[in-house]
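Descriptive analysis of the structure
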Amino acid sequence: MNQKTIFTCSKCDAQTLKWSGRCSECGAWGSLKEATETAEVSSPRTAGKPGEIKQFKGHSAQSAKSELTGVSALDEVLGGLVQGSVTLLAGEPGIGKSTLLAQAAIALATSGKKIIYVTGEESPAQIHRRLIRLAPQLPATLFFLDLTDVPTIAATIEKEKPDLTIVDSVQTLRTPDMNGEPGSVTQVKAGSAILTEAAKKCGTPLMLVGQVTKDGDVAGPRVLEHLVDSVLFLEGDHEHRYRILRALKHRFGPTDQSALLTMTEKGLETVTDPSQELLQHRLSGIPGSAVTCLIQGQRPMLLEIQALTNPAGYGTPVRRATGVDTSRLGMLLAVLARRAGVNALEKDVYANAAGGLDARDPSADLALVAAIASATKNVPLNPRLGLFGEVGLGGELRPVALPELRLKEFKRMGFDHAILPKGQIKKSVDGIKTVEAATLEEALRACGL
Ligand code: TYD
Ligand code: MG
């Protein structure tokens, strides 16, 4: 046995041999605490009994039995709750995680299922207020447990064997005898591991809520990814009502599912036709508007990209973007000026993915550039034209994934022609005329710009 003194950061769990006022890993002040580490100097077990290998061929791909939650977005993305499965629902504070799970809890409890909502992030009174807003008549089998002590929560799960346990959130869990404050990597991991074991033991599905901050919180869901069966992400712009739910990891089903939701006064509502919903407020005949098709999971979604340019006042021209990356916007403005002869470099440029959705995908480049060129020249694009493709520094258009799926979605939404990178499609899609352009200049010409 070898004893030495080490200092552990209570925020990020980094360890150092020397004390300092500030953690060198995460930058937190006053978070280093002394701990005596006992390093066991023993060799690991290397001998074991051989395991049985099985042929993949003929192995039945049986799917686990799952229970639908009644919240369609959750059911689409997760395919229902599997017994003993552990799902992490991650997202920024205020994005609607508690709302979504409250809706699932109400729906399941209404069909007689026993649900335990472990409250740590908010008080039972706050959660109650949210619940009765969502359902004035609360079902009798919806329970809460106002605790953050992990062993007690685990024992309760094992005793009560509910049909679903919701823990809101993992950042509030406290496991005695473990280092760190609630929310630290050690605490989050230890608490989640103990609850996972309890859930597996008694077959109750467990939903863990994980808060992430914009800059990717240290104790965020990343540290739990390997521990849980599924990781769902709820994202969107706080100022807007749209949210996207997607699976980042899913043991019991495909990870390429996603759903669009809107935040309403009655909670999160699943949008059945995202393209229809996202294009409904579009004005046609306005310069600076172009429509692209994004792929969320396997799902095509038409999205309007808007741009506005204005003569700049004093100093550096303004670049503002929502749902579009500002540095990519700067790069595309330079490419547009140098490679396609449309100069908006001296102008204030505002770019926006309508609805506050995230369009930081290179396949949206072409639509963004076309919107800027259309705004600069004050010439509207054909409202039934769709565009997609990545724009390179040389002004070349680069292929993107799933072109046929995008074309079909344009066609379904009544678009009659599309501009896309050259060499993208193997087989044409009926009912939509396509122009394959090798360069940005060619594409803009085909747009009439
Ligand atoms: P919340 O679920 O508390 O977010 P999170 O758990 O991810 O932190 O919800 C966040 C916001 O949603 C909050 O500002 C209020 C709003 N909201 C509605 O607009 N409608 C509703 O029906 C509910 C319950 C919440
Ligand atoms: Mg919450």
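Up top you'll find the structure we're talking about.
Rules used in this analysis
- Residues numbered from 1 in each chain as written.
- Chains lettered and ligands numbered in written order.
- Predicted model: local features only at pLDDT ≥ 70, side-chain atom pairs only at ≥ 80, totals over all residues.
- Heavy atoms only, no water.
- Helix = DSSP H or I, 4+ residues; strand = E, 2+ residues; numbered from the N terminus.
- Expected span 1.5 Å × (residues − 1).
- Buried < 20%, exposed > 50% of the residue type's maximum accessible area, 1.4 Å probe, protein only.
- Contact = heavy atoms within 4.5 Å.
- Near = heavy atom within 4 Å.
- Polar contact = N/O pair within 3.5 Å; in protein donor to acceptor, adjacent residues only side chain to side chain.
- Areas by Shrake-Rupley, 256 points an atom, 1.4 Å probe, with all protein chains shown as cover.
- Nonpolar A, V, L, I, M, F, W, Y, C, P; charged D, E, K, R; others polar.
- Pairing = 2+ DSSP bridges.
- Axes fitted to C-alpha atoms, helices over the stretch in contact; angles between N-to-C directions.
- Salt bridge = Lys/Arg side-chain N within 4 Å of Asp/Glu carboxyl O.
- Parallel < 35°, antiparallel > 145°, perpendicular 65-115°, else oblique.
- Left-handed = near helix turned anticlockwise from the far one by under 90°.
- Core = buried A, V, L, I, M, F, W, Y, C linked by side-chain atoms within 4.5 Å.
- Domains from an automatic or database assignment.

**Observations regarding helix α7 (residues 326-340)**
Between its first and last C-alpha, α7 extends 20 Å over 15 residues, near the 21 Å set by a 1.5 Å rise per residue. Three or more residues of α7 are buried, namely Leu329, Leu332, Leu333, Val335, Leu336, Ala337 and Ala340. Buried positions along α7 lie against β17 (319-322), β18 (347-353), α8 (365-377), β20 (390-391) and α10 (440-446).

**Here we look at the site of ligand 1**
Close contacts around ligand 1 come from 16 residues, with Gly94, Ser98, Thr99, Arg130 and Thr264 the closest. Ile95 is positioned with one of its backbone polar atoms (N or O) 3.3 Å from an oxygen atom of ligand 1. In the complex, 75% of the free accessible area of ligand 1, which totals 560 Å², lies under the protein chains. Taken together, the residues of the shell around ligand 1 break down into 4 nonpolar, 6 polar and 6 charged.

**Concerning the sheet that holds strand β14 (residues 267-270)**
Pairing within the open sheet is mixed, and its 9 strands lie in the order β8-β7-β9-β10-β6-β11-β12-β13-β14. With partners counted over all chains shown, the strands left at the sheet margins are β8 (142-145) and β14, one partner each. In this sheet, adjacent strand axes meet at a mean angle of 25 degrees when their direction is disregarded. Here 7 bridges tie strand β11 (residues 230-236) to strand β12 (residues 242-250), and the two strands are oriented antiparallel to one another. In the strand pairing of β12, Ser230 is matched with His250. The strands touched by helix α5 (residues 185-202) within the sheet are β6 (86-91), β9 (164-168) and β10 (206-211), with β10 carrying the most contacts at an inclination of about 165 degrees.

**Brief notes about the pattern of salt bridges**
Considering all chains together, one arrives at 17 salt bridges under this definition. Across the salt bridge formed by Glu160 and Lys114, the nearest N and O atoms sit 2.8 Å from each other. Of this pair, Glu160 sits in helix α4 (residues 150-160) while Lys114 sits in the loop between α2 (97-110) and β7 (115-119); the two residues are 46 residues apart in sequence, bridging distant segments of the chain. Two residues, Lys201 and Glu158, come together in a salt bridge whose shortest N-O distance is 3.5 Å. With Lys201 in helix α5 and Glu158 in helix α4, this residue pair connects regions lying 43 residues apart in the sequence. A relative accessible area of 59% places Lys201 in the exposed class. A single salt-bridge network, built from bridges that share partners, covers Lys114, Lys159 and Glu160.

**Remarks on the packing of α2 against helix α3 (residues 124-134)**
Two elements in contact, α2 and α3, have axes whose closest approach is 10 Å; the angle formed by their N-to-C orientations is 60 degrees. Judged by the angle between their axes, α2 and α3 are oblique. Relative to α3, α2 is oriented so that their crossing is right-handed. Note on element contacts: α3 touches α2 through Arg130, Leu131 and Leu134, opposite Ser98, Thr99, Ala102, Gln103 and Ile106. The class makeup of the residues in the contact of α2 with α3 is 4 nonpolar, 3 polar and 1 charged.

**Concerning the packing of α4 against α5**
With their axes 9 Å apart at the nearest point, α4 and α5 run at an angle of 10 degrees to one another. The angle between α4 and α5 falls in the class roughly parallel. Touching Val150, Ile153, Ala154, Ile157 and Glu158 of α4 are Gly191, Ile194, Leu195, Ala198, Lys201 and Cys202, all from α5. In the contact of α4 with α5, the residues fall into 8 nonpolar, 1 polar and 2 charged.

**Some thoughts on the nonpolar core**
Within the largest apolar cluster, 47 residues are counted, with the highest numbers of intra-cluster contacts made by Leu336, Leu387, Leu440 and Leu444. For this core, the secondary-structure elements that each account for two or more residues are β12, β15 (289-296), β16 (299-311), α7, β18, α8, β19 (385-387) and α10. Top element by residues in this core is α8. It accounts for 9 residues. Taken domain by domain, the makeup of this core includes at least three residues from each of domain 2 (67-272) and domain 3 (277-446). Those residues in contact with Leu444 that sit more than four places away from it in its chain are Leu336, Ala340, Val342, Ala370, Ala373 and Leu449. Among the nonpolar cores identified, the runner-up in size contains 33 residues, and Val77, Tyr117, Leu234 and Leu245 belong to it.

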